Amino acid sequence: MNAGNFSTVTQRLLEQEKLRRLIDQFLDRVQMPAAVQELTNRGMDAVPALLDALERREIEIRHIAHRILEQFFGEPLLFDAAAADDIRLRQAAHIRVRFEKRKSA
């Protein structure tokens, strides 16, 4: 791997970590509005991190991530943040597949 590729990979990892930290801020009522705005501003670049957030333990994070994803997709997405793990994980996987299909189209 040359230095340019290493730098690109490192930059992507740092960006994903920033997105995860923004999502963590959903749990803080003071920081949450700014975090939602920042993720919204990042658009489709934030989708992979938001898809991961649908699988998180915290219901608040799942709920907010779902709302943002619906904005990005421009349509309702079948997802119940309070559903049992097996149901919720299947729903998240279905949304992830829809995103991948959209991305490759």
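Scroll up for the structure.
This one's a predicted model, so the numbers in the text were calculated from it and none came from an experiment.

Calculation notes
Residues numbered from 1 in each chain as written. Predicted model: local features only at pLDDT ≥ 70, side-chain atom pairs only at ≥ 80, totals over all residues. Heavy atoms only, no water. Helix = DSSP H or I, 4+ residues; strand = E, 2+ residues; numbered from the N terminus. Expected span 1.5 Å × (residues − 1). Buried < 20%, exposed > 50% of the residue type's maximum accessible area, 1.4 Å probe, protein only. Core = buried A, V, L, I, M, F, W, Y, C linked by side-chain atoms within 4.5 Å. Axes fitted to C-alpha atoms, helices over the stretch in contact; angles between N-to-C directions. Parallel < 35°, antiparallel > 145°, perpendicular 65-115°, else oblique. Left-handed = near helix turned anticlockwise from the far one by under 90°. Contact = heavy atoms within 4.5 Å. Nonpolar A, V, L, I, M, F, W, Y, C, P; charged D, E, K, R; others polar. Salt bridge = Lys/Arg side-chain N within 4 Å of Asp/Glu carboxyl O.

**Let's talk about helix α4 (residues 59–73)**
Then, number 1: In this model α4 runs 21 Å from its N-terminal to its C-terminal C-alpha over 15 residues, within 8% of the 21 Å that 1.5 Å per residue would give.
Then, number 2: Among the residues of α4, Ile61, Arg62, Ile64, Ala65, His66, Ile68, Leu69, Phe72 and Phe73 are the ones counted as buried.
Then, number 3: The first or second residue beyond α4 is Gly74, which carries a positive phi of 70°.

**Observations regarding the nonpolar core**
Side chains that are nonpolar tend, in soluble globular proteins, to be buried together.
Then, number 1: One finds Ile23, Phe26, Leu39, Leu50, Leu54 and Leu69 to be the most contacted residues of the largest nonpolar core, which totals 28 residues.
Then, number 2: If one sorts the elements of this core by residue count, α4 sits on top with seven residues.

**Observations regarding the packing of α4 against helix α5 (residues 85–104)**
Then, number 1: One can describe the packing of α4 onto α5 by two numbers: an axis separation of 13 Å at closest approach and a directional angle of 30°. Here α4 lies roughly parallel to α5, going by the angle between them. Between α4 and α5 lies a crossing of left-handed hand. Facing Arg62, Phe72 and Phe73 of α4, the residues of α5 in contact are Arg88, Ile95, Arg98, Phe99 and Arg102.
Then, number 2: Its residues placed into classes, the contact of α4 with α5 shows four nonpolar, no polar and four charged.

**Brief notes about the pattern of salt bridges**
Then, number 1: Going through the model one piece at a time under the given rule, you end up with 12 salt bridges.
Then, number 2: Across the salt bridge formed by Asp24 and Arg56, the nearest N and O atoms sit 2.9 Å from each other. With Asp24 in helix α1 (residues 3–24) and Arg56 in the loop between α3 (47–53) and α4, this residue pair connects regions lying 32 residues apart in the sequence.
Then, number 3: Note on Arg56: relative accessible area 23%, which makes it partly exposed.
Then, number 4: Note that Arg98 and Glu75 form a salt bridge whose closest N and O atoms lie 2.3 Å from each other. Highlighted residues: Arg98 in helix α5 and Glu75 in the loop between α4 and α5, separated in sequence by 23 residues.
Then, number 5: Taking the relative accessible area as the measure of exposure, Glu75 reaches 32% and is therefore partly exposed.
Then, number 6: Salt bridges here are not isolated pairs; linked through shared partners, they connect Glu15, Glu38 and Arg42.

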